[in-house]
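# Tertiary structure, described
Residue strings, one per chain:
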Amino acid sequence: MIINADLHIHSRFSGATSDKMSIETISLEAPRKGIRVVATGDCLHSGWLKEIKQCNVIDDGTFELNGTRFILSVEVEGKNRVHHLIYFPSLCAVEEFKNKIKNKSKNLETDGRPNVDLDGTELATIAKDLDSLIGPAHMFTPWTAIYAYYNSLEDCYGDLADYVSFGELGLSADTDLADRIKELHRLTFLTNSDCHSPHPVRLAREFNRFEVKDATFDEIKKAILRIGGNKPILNVGLPPQEGKYHESACISCFTHYSLEEAQRRHWKCVCGKRIKKGVKDRISEIADYKEPIHPAHRPPYIHLIPLAEIITKAIGQQNPFTQTVTKRWNELITAFGNEINVLIDANIDNIAKVTVPAITEAIQAFREKKVVIRPGGGGQYGIIVLNTEEIGTQNFNLGPKDKQMTLFEY
Ligand SMILES: [Zn+2]
Ligand SMILES: [Zn+2]
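Because the structure is predicted, anything quoted here is derived from the model rather than measured. (Residues numbered from 1 in each chain as written. Chains lettered and ligands numbered in written order. Predicted model: local features only at pLDDT ≥ 70, side-chain atom pairs only at ≥ 80, totals over all residues. Heavy atoms only, no water.)

## Concerning the coordination of the zinc ion (ligand 2)
- Taken together, the protein ligands of the zinc ion (ligand 2) are C250 (SG), C253 (SG), C269 (SG) and C271 (SG), with distances of 2.2 to 2.3 Å.
- Around the zinc ion (ligand 2), the 4 donor atoms are arranged such that angles at the metal cover 99 to 120°; this shape is classified as tetrahedral.
- Look at where the donors of the zinc ion (ligand 2) fall in the sequence and you get C-x2-C-x15-C-x1-C. Remark: C271 occurs in the loop between α9 (259–264) and β13 (275–276) and C253 occurs in the loop between β12 (249–250) and α9; sequence separation between them is 18 residues. (Donors = N, O, S within 2.8 Å, 3.2 Å for Na, K, Ca; no water. Tetrahedral: all angles 85-135°; square planar, octahedral: opposite > 155°, others 65-115°. Helix = DSSP H or I, 4+ residues; strand = E, 2+ residues; numbered from the N terminus.)

Okay, here's the thing in structure tokens:
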């Protein structure tokens with residue numbers, strides 16, 4: 001069977017998250033996005049674990065509520081601020097992991113994404129002992145990721161580098177960028193939302209499609225390891241240009257710089273503040289190849305823009321959280337079941353019967369890749385342009401800044 005899975009989210013017990021992030025809400029929202037399995041995130045936190053335990057038990061490592069399956073996961077911040085994702089086979093493994101790290105963490109019970117005073121090798125050693133999967137989260141993010149501080153998997157995970165089976169691409173990267181690095185060819189790439197809110201513009205904005213025999217932890221583990229016929233068959237994510245750290249840019253005034261220019265200026269902006277190295281430039285620094293070379297097992301990557309954003313842009317709303325956007329989004333989901341159907345599969349004539357022409361045209365433009373994106377950088381998300389006059393021009397000269405609509409800034 002084929003399933004869609006979002007394997008990195010945060011509960012309301014993590015910092016800066018929506019208080020709507022309950023298991024109940026996630027279980028109801030996921031199917032509307034076309035998602036069958038969600039990784040719980042934050043599973044070391046007692047409050048969140050209690051909520052997970054209220055779900056129906058499918059097996060040791062799989063839980064279900066309202067038809068949505070959950071597997072146990074956490075993101076921890078290790079030494080050097082590197083973020084790691086860990087997937088556990090059972091509640092016992094979660095408890096044991098917690099026991100082993102409790103003296104190394106001061107905020108285990110107060111933050112769903114705890115800080116742990118252990119490096120990659122130490123964390124991977126514990127994960128391996130407990131038959132859990134571990135890998136770097138949003139690998140290229142300039143603040144809190146493996147390639148921000150290390151030049152290779154081995155630098156971070158030492159002898160345990162071979163045990164690392166996956167790497168999360170993060171919002172600012174895709175397969176074409178990451179497969180320029182040779183050591184990553186061996187890994188399964190995960191595309192996850194890392195969302196802090198259940199809003200449809202956040203949940204499953206990136207997800208994975210797996211070929212499995214059942215929607216369970218064991219089967220997903222096999223898919224990540226690519227054994228027993230299980231495998232990832234698709235990565236779905238935002239165009240990397242939309243990511244907050246795609247290009248090198250100033251963290252204060254958001255002026256963009258080329259790598260050479262930034263180096264020449266010693267990473268200091270004309271305004272005096274710091275230029276943050278973008279994912280694109282970081283990858284170029286460590287890349288083994290000028291062009292990506294995809295290993296045979298690498299599935300295709302589809303760039304998807306959340307439907308709520310397409311609607312926002314199409315009908316000229318300020319942000320995707322307005323009642324009007326929600327109403328239009330609900331109309332389409334009610335008619336076609338879930339977001340993936342609307343964005344990719346549904347016949348455009350049928351979409352036209354359900355919604356207004358501007359939204360139909362925008363979905364059509366998205367399908368035909370007539371979408372212009374002004375790249376993000378310095379912490380500012382990229383900007384999508386669906387304006388018909390600008391469609392097809394494929395340049396980033398989008399006129400005066402106050403006339404541009406920034407979909408991601410709210
Ligand atoms: Zn993270
Ligand atoms: Zn600046």
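## Quick look at the packing of helix α11 (residues 307–314) against helix α12 (residues 323–336)
- One way to put it is that α11 packs onto α12 with a least axis distance of 9 Å and a crossing angle of 125°. In this view, α11 runs oblique relative to α12, as classed from their interaxial angle. Helix-helix and strand crossings are classified by hand; for α11 and α12 the assignment is right-handed. Touching L307, A308, I311 and T312 of α11 are V325, R328, W329, L332 and I333, all from α12. (Axes fitted to C-alpha atoms, helices over the stretch in contact; angles between N-to-C directions. Parallel < 35°, antiparallel > 145°, perpendicular 65-115°, else oblique. Left-handed = near helix turned anticlockwise from the far one by under 90°. Contact = heavy atoms within 4.5 Å.)

## Looking at helix α10 (residues 279–286)
- Where α10 is concerned, the buried positions are V279, D281, R282, I283 and I286.
- Those residues of α10 that are buried lie in contact with α5 (146–149), α7 (175–178) and α9. (Buried < 20%, exposed > 50% of the residue type's maximum accessible area, 1.4 Å probe, protein only.)

## Some thoughts on unusual backbone geometry
- The residue N66 is not glycine, and still its phi comes out positive at about 50°.
- Looking at the secondary structure, you find N66 in the loop between β4 (62–65) and β5 (68–77).
- Its identity as a non-glycine residue notwithstanding, H138 has a phi of 25°, on the positive side.
- With respect to the helices and strands, H138 occurs in the loop between β7 (133–136) and α5.
- Among the residues examined, H138 registers a relative accessible area of 7% and is labelled buried.

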